[in-house]
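# Secondary and tertiary structure notes
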Amino acid sequence: NYVYGAFFDELWEFNIPQTTWRLVPRAPGTPWPVKRALHAACILRTHSARGRMHVYGGLGLGDHWAYDLDEDRWYKVDATSSQAATVGNGHKDAFSTGPGTRH
């Protein structure tokens, strides 16, 4: 769901066994994506044990970020490596570890 004008830059982690939420703290001086809404996200487990959550786009955005779940930090993904689509919202995200890595 989307509430008009509600853009967020918070990252929350859900602990399934304990059924609790934790606000992930922002480390000073580290990269962090801008506030967004209506973006696409999925987790890909190739770079670290727990994987990386990839976030793409949103209202008026066409950028690609990856959050490493082991390192607890964001990485801005180069547009050429992410095969960036057009700016906007309503994107769907799926990944493959084979050729043409992002679909």
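Residues numbered from 1 in each chain as written. Predicted model: local features only at pLDDT ≥ 70, side-chain atom pairs only at ≥ 80, totals over all residues. Heavy atoms only, no water.

### What about the sheet that holds strand E5 (residues 61-68)?
Heads up, the rule is: DSSP calls a pair of strands paired once it identifies at least 2 bridges connecting them. Numbering of helices and strands runs from the N terminus, with a helix taken as a DSSP run of H or I at least four residues long and a strand as a DSSP run of E at least two residues long. To obtain each axis, a line is fitted to C-alpha atoms, and for helices this fit is confined to the stretch in contact; angles are then taken between N-to-C directions over 0 to 180 degrees.
Reading across from one edge, E3-E4-E5-E6 is the order of the 4 strands in this open sheet, with antiparallel pairing throughout. The sheet terminates laterally at strand E3 (40-44) and strand E6 (73-76), the two strands that pair on one side only. In this sheet, adjacent strand axes meet at a mean angle of 25° when their direction is disregarded. Sheet analysis places E3 next to strand E4 (residues 52-58), joined by 5 bridges and oriented antiparallel. Counted as the bridge partner of alanine 40 is tyrosine 56 from E4.

### A look at the pattern of salt bridges
Rules: What makes a salt bridge here is a side-chain nitrogen of Lys or Arg within 4 Å of a carboxyl oxygen of Asp or Glu, nothing more. Burial classes: relative accessible area under 20% of the type maximum marks a residue as buried, over 50% as exposed, and values in between as partly exposed (1.4 Å probe, protein chains only).
As enumerated under the stated definition, the model contains 5 salt bridges in all. Put simply, arginine 22 and glutamate 13 hold a salt bridge, and the shortest N to O gap is 3.1 Å. Under the relative-accessibility criterion, arginine 22 is labelled partly exposed at 34%. Residue glutamate 13 is classed as partly exposed on the basis of its relative accessible area, which comes to 25%. Note that aspartate 68 and arginine 52 form a salt bridge whose closest N and O atoms lie 3.1 Å from each other. Here arginine 52 lies in strand E4 and aspartate 68 lies in strand E5, a separation of 16 residues in the sequence.

### Digging into a nonpolar patch on the surface
The criterion, for reference: To count toward a patch, a residue needs a relative accessible area over 30% and no salt bridge; like charges are then connected within 9 Å, while nonpolar side chains (Val, Leu, Ile, Met, Phe, Trp, Tyr) are connected within 5 Å. For the accessible areas, the method is Shrake-Rupley and the probe is 1.4 Å, while residue cover comes only from the protein chains on display.
The grouping of Trp12, Phe14, Ile16, Trp21 and Leu23 at the surface amounts to a nonpolar patch, some 590 Å² of accessible area in total. Among the secondary structure elements, those contributing two or more residues to the nonpolar patch are strand E1 (12-15) and strand E2 (20-23). Mapped onto the elements, tryptophan 21 comes out in strand E2.

### Considering the pairing of E2
Remember that side chains alternate between the two faces of the sheet whenever the strand is regular. Bridge count between E1 and E2: 4 bridges; the pairing is antiparallel. If you follow phenylalanine 14 over to E2, its bridge partner there is tryptophan 21.

### Considering the nonpolar core
Quick reminder of the rule: By nonpolar core is meant a set of buried Ala, Val, Leu, Ile, Met, Phe, Trp, Tyr and Cys residues that side-chain atoms within 4.5 Å join together. Here, residues are in contact when the closest pair of their heavy atoms is within 4.5 Å.
With 9 residues, the main nonpolar core is built from Leu11, Val24, Trp32, Met53, Val55, Trp65, Tyr67, Leu69 and Trp74. Residue assignment for this core shows that the elements contributing at least two residues are E4 and E5. Here leucine 11 is in contact with Arg22, Leu23, Val24, Trp32, Met53, Tyr67 and Trp74, once residues within four sequence places are set aside.

### Things to note about the packing of aromatic side chains
The condition that has to hold: Each Phe, Tyr or Trp ring, with Trp reduced to its six-membered ring, pairs with another whose centre is within 6.5 Å; inter-plane angles below 30 degrees give stacked pairs, above 60 give edge-to-face pairs, and intermediate values give tilted ones.
Applying the stated criterion to the full structure yields 4 aromatic pairs. Seen in terms of ring centroids, phenylalanine 14 and tryptophan 21 are 4.8 Å apart; in terms of plane orientation they differ by 50°. Their pairing is tilted. Through pairs of rings, three or more aromatic residues link up here, namely Trp32, Trp65, Tyr67 and Trp74.

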